[in-house]
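Chain residues, written in single-letter form:
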Amino acid sequence: MQQYMDLLVDALLDEGFSVEEAQRLIQLQQEYEERKATEETNHHRFVRWLVEHGRFSEW
């Protein structure tokens, strides 16, 4: 994983970002992906609840 992170930082450095900016961008990307996964999980739980309580069906 560290090798992957180093490659990301190197790629961002090549694009003109500083080390700090590159690290922050990577951190923001990880936080976004975690939040997106949580939102999808909450969405699926809500849909399951709707189906279980007869509020939603395929037809």
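Look up: the structure comes first, before these words.
Since the structure is predicted, the reported quantities are computational estimates derived from the model, not experimental observations.

What counts and how
Residues numbered from 1 in each chain as written. Predicted model: local features only at pLDDT ≥ 70, side-chain atom pairs only at ≥ 80, totals over all residues. Heavy atoms only, no water. Core = buried A, V, L, I, M, F, W, Y, C linked by side-chain atoms within 4.5 Å. Buried < 20%, exposed > 50% of the residue type's maximum accessible area, 1.4 Å probe, protein only. Helix = DSSP H or I, 4+ residues; strand = E, 2+ residues; numbered from the N terminus. Contact = heavy atoms within 4.5 Å. Patch = residues over 30% accessible without salt bridge, like charges linked within 9 Å, V, L, I, M, F, W, Y side chains within 5 Å. Areas by Shrake-Rupley, 256 points an atom, 1.4 Å probe, with all protein chains shown as cover. Salt bridge = Lys/Arg side-chain N within 4 Å of Asp/Glu carboxyl O.

Trainee: Let's hear about the nonpolar core: which residues, and what values?
Mentor: In terms of nonpolar packing, the biggest core is built from 5 residues, these being Met-5, Val-9, Leu-12, Ala-22 and Ile-26. Taken together, the elements giving at least two residues each to this core come down to helix H1 (2-14) and helix H2 (19-52). Tallying contributions element by element places H1 first for this core, with 3 residues. Sequence-distant contacts of Leu-12, defined by excluding residues within four places in its chain, comprise Phe-17, Ala-22, Leu-25 and Ile-26.

Trainee: Quick one: what's the story with a nonpolar patch on the surface, residue by residue and with numbers?
Mentor: On the surface, Phe-17, Leu-25 and Leu-28 cluster together into a nonpolar patch covering about 230 Å² of accessible area. Within the fold, Leu-25 resides in helix H2.

Take it as geometry only, folks, not as evidence of what the structure does.
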